[in-house]
Structure formats: C-alpha cells, structure tokens
Amino acid sequence: DAAGRQPFVFGKRTFTLALEGDTVALYDAAGRRRAGTPRALKGEDKALIKVCQLALKALRADVTAHYGAQLRRLDRALATGRCWPLADWRQLTAHPVVCRDAEGLVWERLRPNAPPRRFMLDEARRGQGLDYEPVELLSGDAVRLAHPADMSPGERRGWWEYLGDNERVQPL
C-alpha cells in the first residue's frame, strides 16, 4: 500500500511486510517484529513454507537493491539540481521505497516569476515551510532538492532543528 505495508500469506498464517528504509521487516499477527523468516508449523505444508521463505528472501534483496538505487538517484538529483514537474515529483515521492526518505529532505518549489520556496513534507505529505506554514504546490510548479550550499548558515541550522523536532532522518 502507500505506507509500504502488505499482507504476506505464509502457509496458514498471515504476516505483514513493512518497508523500513532499505529492508523489509516482517510482523506477526500480534504486531511483533520477526527477526527471521518463520518455520513451518505442525500441519503446514513444508514445501509451501519453503516457497514463502524464498519469496521473502528475494523480496528483501530486491528492496535493498532498489533502495540503494533510489538514494543514488536522489543524490545525483541534488548534485545536478534536477527539477521535476510537479506531477512527476508527486509520483516519485509517493513511491513506497522513496516516500520515507522524501520526508527527510528539504525540497524547493520553483514557480515562474516567484522566488523559490523551501519546504519539507509533513505527515499528510503536504509541503510545510521552516516556519511550519503550508507551502502551496500548483500544477505549473517544478520541484527540486534544496542544496544546503544555497542556504544561509541560519537556514541550514533551522532545517536541522526541524528534522530533530519532527523526528526525521536526513538520508543524503
């Protein structure tokens, strides 16, 4: 789903897979995180459980590889000043592998005939400025990552405080 969670049928049991940074965590029905893949219980089809274990292992490897590729992509975008049209940016930041990292980044709205406006995504995935005021995003806007070198020392410090106050992690 959009939050990066998905049910995972494991024999007769159902677990929840959750994207957490660069890995996939597995939670049981009681919400406890499982360190490893479950073993077959008495009466469960051992061949089916083996298939589920292999599928989970492959999914974890795919997510780890995809996560690394997305971080490199964002890092290149920061270094080159890449801009996304608003619709493309919304699609990028809605991706389950990218969305959590997108919340830890400072973005910059670019609008014709207007100064750039820096913002982060709030819990509802709306733009929010350093002043905690909403930052409106319109269809003609473009968005790019805000480079710290383009900020004053006071603004950089303000964003670091914002990250800490909102328990966010800056991934780049």
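The residue numbers shown here count from 1 along each chain, following its written sequence. pLDDT decides what is reported in this predicted model: residues at 70 or higher carry local features, side-chain atom pairs at 80 or more are listed and counted, and totals for whole chains, interfaces and linings draw on all residues regardless. Water and hydrogen atoms play no part in the side-chain values, which are based on all heavy atoms of the structure.

A. Focus on the nonpolar core. Leu74, Trp84, Trp89, Trp107, Phe119, Val143 and Leu145 are the most contacted members of the largest nonpolar core, which totals 17 residues. Put simply, the parts of the chain that give this core at least two residues each are helix H1 (46–80), helix H2 (86–94), strand E7 (117–121) and strand E10 (142–145). When checking whether two residues touch, look at their non-hydrogen atoms; a contact exists if any pair is within 4.5 Å. Ignoring any residue separated from it by four or fewer positions in sequence, one finds tryptophan 89 in contact with Trp84, Trp107, Phe119, Leu121, Leu137 and Val143. Take the buried residues of types Ala, Val, Leu, Ile, Met, Phe, Trp, Tyr and Cys, join any two whose side-chain atoms come within 4.5 Å, and each joined set is a nonpolar core. The buried label goes to any residue with under 20% of its type's maximum accessible area, the exposed label to any with over 50%, and the partly exposed label to all in between, with areas taken from a 1.4 Å probe on protein chains only. The way it works is that DSSP assigns letters per residue, a run of H or I at least four long becomes a helix, a run of E at least two long becomes a strand, and they are numbered from the N terminus.

B. Spotlight on the pairing of strand E3 (residues 23–27). Within E3, four of the five residues are buried, leaving the element largely enclosed by the surrounding structure. By the bridge criterion, five bridges tie strand E2 (residues 13–20) to E3 in an arrangement that is antiparallel. Residue pairing for E3: leucine 19 is matched across the bridge by valine 24. Here a strand pair is declared whenever DSSP counts at least two bridges between the two strands. The hairpin formed by E2 and E3 contains two residues between the paired strands, and glycine 21 there has a positive phi angle of roughly 65 degrees. For E3 and strand E4 (residues 33–34), the ladder comprises two bridges, and the chain directions are antiparallel. If you follow tyrosine 27 over to E4, its bridge partner there is arginine 33. Between the antiparallel neighbours E3 and E4 lie five residues, among them glycine 31 with a positive phi of about 90 degrees.

C. Representation of helix H4 (residues 153–165). Helix span is expected to be 1.5 Å times the residue number reduced by one. In this model H4 runs 18 Å from its N-terminal to its C-terminal C-alpha over 13 residues, within 8% of the 18 Å that 1.5 Å per residue would give. All of the buried residues in H4 are Glu155, Gly158, Trp159, Tyr162 and Leu163. Along H4, the residues classed as buried sweep out an arc of 140 degrees about the axis, all on the same side. Exposed side chains of H4 directed beyond 90 degrees from the buried face belong to Pro153, Trp160, Gly164 and Asp165. Those residues of H4 hidden inside the fold are in contact with E7 and strand E8 (127–128). Directly after H4, the chain includes glutamate 167, whose backbone phi takes a positive value near 50 degrees. Think of it as the arc spanned by the lines of direction from the helix axis to the C-beta atoms.

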